[in-house]
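Summary of the model geometry
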Amino acid sequence: MRVLWVCNRCLPVVAAEINMDAGNKEGWLAGLSERILEEKNGELTLGVCFPAKKEMEHWQGEFALHAYAFYEDTSKPELYNDKLEARMREIVADFKPDVVHIFGTEFPHTLAMVKAFDRPERTLIGIQGMCTLLADAYLIGLPEQIVKRSTLRDMIKSDSIIEQQKKFYKRGMFEQKALSLTGNVTGRTDLDKEYSMKCNPRVKYFFMNETLRSNFYQGNWSSKNCEKHSVFVSQGDYPIKGLHLMLQAFPAILDEYPDAKIYVAGNCITGDESISKKIKIASYGKYLKELMEKSGIQDKVIFLGNLNAEAMKEQFLKCNVYVSCSTMENSPNSVGEAMLLGVPVVASNVGGVSSILTDMEEGILYEATNIKELSHAVLKVFDAYEYEDPSKMRPMRVKEEDVARVRTLPIKARERAYETHNPAKNYKRLMEIYEEICGIEE
């Protein structure tokens, strides 16, 4: 069985061989590929293709792994290039796949491959984020004057907040068209199933969980080893990730715990210390900076830059609570990684999040735009680990019976995550899906 993967970026296992940067995103795909290569399944030949700055002809590695690169300007995913279809046909003709498995719908190459392969019954799309739903949620929690504002950088790049939302809607058009033309999808939440069926009532939906990056399966969070009263946010460089809402909730947290801090992974988009940075600052970054200055919390928010898998793991283990404050998610892998490590989790109850985490069973969910709920949820976690004797707590803040319960959440989350992200189970499920699509019977 020959399966061709279409990925949004080069897999680490290939990148290491061809001297290419694989980046830190979509680590779950690295986890799945590592599992497949570990199995050394003689009946499976795996090909992978991915966008790059220049095309790469057929490369072959160990264990029946093949790779191709196609040119795509991923900085402009709202633009569709018909030439990409021709390149996809070349890759298909060379590899001759039985199944084409496309991971994600965020880039035009998904639609290009669906058209090029032109075998919907053998095409499988894995749902990740959903661009149309992201566009719908893009402006949540942003003041009208901020949405309408443009910085110099925004004007030069035609990339204001409202223009960014429009670009997501354009990407959503390609996404919906690709889903309408495919025969099969994989997903893992009620949300992505509903969305897939809405785009294509005839599509066959396969439930399949994700395998995360291998290093997150080792390690266990401990309240004794964490930095007390620290919040970790894994991304905050565009509005969907909701950092503006976390910043608004933070003053109430500081009222109770003045030593509290927020650590944010990813690029710092608030810098304007130099002329070049002032020119580059986007309206959203400027808004974040204004929020911090208004509350006087600039020194309390630490931007960590881009972190590799091991550094991310260390930051998870170091924090007192991980917060997913997004205004839309399907099933955020960062939440899964935190759960695997037994880190206390607070998450906005949006999209498909409730499909992977139950409120007050494995973590704490809150309404995305309810700032008071967010700050209270974080304080619940801080309080639970601050007081060894619940009777010493102030009754107006957290109920005594909640303390023991909150302490059990990371334990139960870890148990659930190991079931959800079980590499052996997920590998077996994937092989079952491929075999069913190919009509292979045991």
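Use the structure listed above.
Residues numbered from 1 in each chain as written. Predicted model: local features only at pLDDT ≥ 70, side-chain atom pairs only at ≥ 80, totals over all residues. Heavy atoms only, no water.

1. Describing the overall build of the chain
- Scanning the chain for helices and strands turns up 17 helices and 14 strands.
- In terms of C-alpha radius of gyration, the chain reaches 22 Å, essentially the compact-globule figure of 22 Å for 442 residues.
- For the chain, the spread of C-alpha atoms along the three principal axes comes to 70 × 50 × 40 Å.
- When the 442 residues of the chain are sorted by exposure, 56% land in the buried category.
- Counting contacts in the chain only where the partners sit at least 6 residues apart, residues at least 24 apart contribute 68% of the total.
- Total accessible area on the chain is roughly 19,500 Å²; 49% of this is exposed by carbon and sulfur atoms. (Helix = DSSP H or I, 4+ residues; strand = E, 2+ residues; numbered from the N terminus. Rg over C-alpha atoms; globule rule 2.2 N^0.38 Å. Buried < 20%, exposed > 50% of the residue type's maximum accessible area, 1.4 Å probe, protein only. Contact = heavy atoms within 4.5 Å. Areas by Shrake-Rupley, 256 points an atom, 1.4 Å probe, with all protein chains shown as cover.)

2. Topic: the environment of Arg171
- Tracing the sequence through the fold places Arg171 in helix H8 (residues 161–181).
- The spatial distance from the C-alpha of Arg171 to the C-alpha of Phe107 is 6.9 Å, given a sequence separation of 64 residues.

3. Observations concerning the sheet that holds strand S8 (residues 204–207)
- Pairing is mixed in the open sheet, where 8 strands are placed in the order S3-S4-S2-S1-S5-S6-S7-S8. With one partner strand each, in any of the chains shown, strand S3 (56–60) and S8 form the two edges of the open sheet. On average, each strand axis in the sheet is inclined to that of its neighbour by 20°, with strand direction left out of account.
- Sheet analysis places S3 next to strand S4 (residues 65–71), joined by 3 bridges and oriented antiparallel. Looking at the pairing, Gln60 lines up with His66 of S4.
- Packed on one face of the sheet, helix H4 (residues 109–117) meets strand S1 (2–6), strand S2 (45–52), S4, strand S5 (99–103) and strand S6 (123–126) and runs near 170° to S5. (Pairing = 2+ DSSP bridges. Axes fitted to C-alpha atoms, helices over the stretch in contact; angles between N-to-C directions.)

4. Let's talk about a nonpolar patch on the surface
- A surface patch of nonpolar side chains, about 540 Å² in accessible area, is lined by Leu152, Met155, Ile156, Ile275 and Ile279.
- Going through the elements one at a time, helix H7 (152–157) and helix H11 (275–280) are the ones with two or more residues in the nonpolar patch.
- No other element matches H7, which puts 3 residues into the nonpolar patch.
- Position of Ile279 relative to the elements: it lies in helix H11.
- By relative accessible area, Ile279 is classed as partly exposed at 37%. (Patch = residues over 30% accessible without salt bridge, like charges linked within 9 Å, V, L, I, M, F, W, Y side chains within 5 Å. Salt bridge = Lys/Arg side-chain N within 4 Å of Asp/Glu carboxyl O.)

5. So, H8
- Taking 1.5 Å per residue, 21 residues should reach 30 Å; H8 reaches 31 Å between its end C-alpha atoms and fits that length.
- Among the residues of H8, those classed as buried are Ile161, Gln164, Gln165, Phe168, Arg171, Gly172, Phe174, Glu175, Ala178 and Leu179. (Expected span 1.5 Å × (residues − 1).)

6. Describing the side chain of Arg87
- When you line up the elements, Arg87 lands in helix H3 (residues 83–95).
- What Arg87 contacts, discounting residues up to four positions off in sequence, is Glu55, Met56, Glu57, Tyr68, Ala69 and Phe70.

7. A few points about the environment of Glu57
- Position of Glu57 relative to the elements: it lies in strand S3.
- Sequence-wise, Glu57 and Val264 are 207 residues apart; in three dimensions their C-alpha atoms are separated by 38 Å.
- With residues up to four places along the chain from it excluded, the contact list for Glu57 reads Ala67, Tyr68 and Arg87.

8. Quick look at the packing of aromatic side chains
- Taken as a whole and judged by the stated rule, the model has 13 aromatic pairs.
- Taken together, the ring pairs connect Phe216, Phe232, Phe316 and Tyr322 into an aromatic cluster.
- A cation over a ring is seen here: Arg2 above Phe95, with NZ or CZ 4.3 Å from the ring centre.
- Positioned over the ring face of Phe107 is Arg171, at 5.4 Å from the centre of the ring. (Phe/Tyr/Trp six-rings, centres within 6.5 Å; stacked < 30°, edge-to-face > 60°. Lys NZ or Arg CZ within 6 Å of the ring centre and 35° of its normal.)

9. Re the pairing of strand S10 (residues 261–265)
- Burial analysis of S10 places 4 of its 5 residues in the buried class, the great majority of the element.
- Of the pairings in the sheet, the one linking strand S9 (residues 230–233) to S10 comprises 4 bridges and is parallel in character. Directly across from Ser230, in S10, lies its bridge partner Lys261.
- Regarding topology, helix H10 (residues 243–256) serves as the crossover connection from S9 to the parallel S10, and that connection is right-handed.
- The pairing of S10 with strand S11 (residues 301–305) spans 4 bridges and is classified as parallel. (Right-handed = clockwise from strand over helix to strand, strands pointing away.)

10. Notes on unusual backbone geometry
- The phi torsion at Lys96 lies on the positive side, around 55°, for a residue other than glycine.
- Its place among the elements puts Lys96 in the loop between H3 and S5.
- One non-glycine residue, Ser158, adopts positive backbone phi at about 50°.
- For Ser158, the location among the structural elements is in the loop between H7 and H8.

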